[in-house]
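For reference, the chains in residue letters:
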Amino acid sequence: TVHNHDCLEINYVVHGGGYYLIGNNKYELHTGDICLINNQEYHMAMNTGMLMLKVIVFNADLIWNGSQMDYMYIKAFFERKENYEPFFKAGGDIAEAVTPIIFALDKEWREKKPGYRILIKADLMKMLAMIYRYYQESESFDDQAKPPWKNYHCVTQ
């Protein structure tokens, strides 16, 4: 069912096909695609062919302590231009760069070796910094967008 939640979400298509409904938009999913979803977007994945996703869900306050510097890590979730898709297509530079990090995060989470939480945070921050750089270099941020200071519930708890 269509839903949203207080956390931020990064989806990686491991294999299969389908599409994502995000708000009023429909996006096709293919193996290797990566999608960003913020806490305000209603969304739902639809399977059209053995769709398997790796889903990373995290509270922004894991990364963002309210400072402007830390906000850059999550800016791509909230301030992308309206016509800019929240997807990184398989084979593209950013997808190629962050896919190994997604698998490293997954491995740390599954194995839970000593220090796994700090390694997960470090890898997540690196991935988010790379996504920030991509959006900045491709001029995909909307200068008119309002940061979600009051719309992000987890941060104020």
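Residues numbered from 1 in each chain as written. Predicted model: local features only at pLDDT ≥ 70, side-chain atom pairs only at ≥ 80, totals over all residues. Heavy atoms only, no water.

**Student:** Account for the overall build of the chain, naming residues and giving values.
**Tutor:** Counting its regular elements, the chain contains 4 helices and 5 strands. Counting from the amino terminus, helix and strand elements in the chain follow one another as β-β-β-β-α-β-α-α-α. Counting every position in the chain, which comprises 157 residues, the buried fraction comes to 41%. For the chain, restricting intrachain contacts to residue pairs at least 6 apart in sequence, the fraction spanning at least 24 positions comes to 75%. (Helix = DSSP H or I, 4+ residues; strand = E, 2+ residues; numbered from the N terminus. Buried < 20%, exposed > 50% of the residue type's maximum accessible area, 1.4 Å probe, protein only. Contact = heavy atoms within 4.5 Å.)

**Student:** Quick one: what's the story with the packing of aromatic side chains, residue by residue and with numbers?
**Tutor:** A full pass over the atoms with the stated rule returns 8 aromatic pairs. For the ring pair F58 and F77, a centre distance of 6.0 Å and an interplane angle of 75 degrees mean the geometry is edge-to-face. Here F58, found in strand β4 (residues 43-58), pairs with F77, found in helix α1 (residues 68-78); they are 19 residues apart in sequence, far enough to count as distant. Classification of F58 as buried rests on a relative accessible area of 6%. Assessed through its relative accessible area of 2%, F77 is described here as buried. Both rings, one in F88 and one in Y134, keep their centres 5.4 Å apart while their planes meet at 85 degrees; by these two values the pair is edge-to-face. Here the residue F88 occupies a position in strand β5 (residues 87-88), and Y134 occupies one in helix α3 (residues 116-137), the gap between them amounting to 46 residues. For Y134, a relative accessible area of 29% corresponds to the partly exposed category. Through pairs of rings, three or more aromatic residues link up here, namely F88, Y134 and Y135. (Phe/Tyr/Trp six-rings, centres within 6.5 Å; stacked < 30°, edge-to-face > 60°.)

**Student:** An account of the packing of α1 against α3 is needed here, citing residue identities and associated values.
**Tutor:** Between α1 and α3, the shortest axis-to-axis distance is 8 Å and the interhelical angle comes to 60 degrees. Taken as axis vectors, α1 and α3 run oblique relative to one another. Note on packing geometry: the crossing formed by α1 with α3 is left-handed. Residues M72, Y73, K75, A76 and F77 of α1 form the contact with α3, whose participating residues are M125, L128, A129, I131, Y132 and Y135. For the contact of α1 with α3, a count of residues per class yields 10 nonpolar, no polar and 1 charged. (Axes fitted to C-alpha atoms, helices over the stretch in contact; angles between N-to-C directions. Parallel < 35°, antiparallel > 145°, perpendicular 65-115°, else oblique. Left-handed = near helix turned anticlockwise from the far one by under 90°. Nonpolar A, V, L, I, M, F, W, Y, C, P; charged D, E, K, R; others polar.)

**Student:** Before we move on, can you summarise the environment of L8 with the specific residues and values?
**Tutor:** By the element assignment, L8 lies in strand β1 (residues 8-22). With 50 residues separating them in the primary sequence, L8 and F58 have C-alpha atoms 5.5 Å apart.

**Student:** Can you tell me about the side chain of D70, naming the residues and giving the values?
**Tutor:** Positionally, D70 belongs in helix α1. A polar atom in the side chain of D70 sits 3.3 Å from the side chain of N65. With residues near it in sequence (within four places) discarded, D70 still touches I63, W64 and N65. (Polar contact = N/O pair within 3.5 Å; in protein donor to acceptor, adjacent residues only side chain to side chain.)

**Student:** Describe in detail the pattern of salt bridges, supporting the description with residues and values.
**Tutor:** Pairs can form between side chains of opposite charge once their charged atoms are near each other. A full pass over the atoms with the stated rule returns 5 salt bridges. Ionic pairing is found between K89 and D33, a salt bridge with its closest N-O pair at 3.6 Å. Of this pair, K89 sits in the loop between β5 and α2 (93-111) while D33 sits in the loop between β2 (25-29) and β3 (34-37); the two residues are 56 residues apart in sequence, bridging distant segments of the chain. Residue class for D33 comes out buried when judged on its relative accessible area of 2%. When the shortest N-O distance is used, the salt bridge between D106 and K54 registers 2.9 Å. Pair noted here: D106 is in helix α2 and K54 is in strand β4, with a separation of 52 residues, a long-range link. D106 sits in the partly exposed class, given a relative accessible area of 22%. (Salt bridge = Lys/Arg side-chain N within 4 Å of Asp/Glu carboxyl O.)

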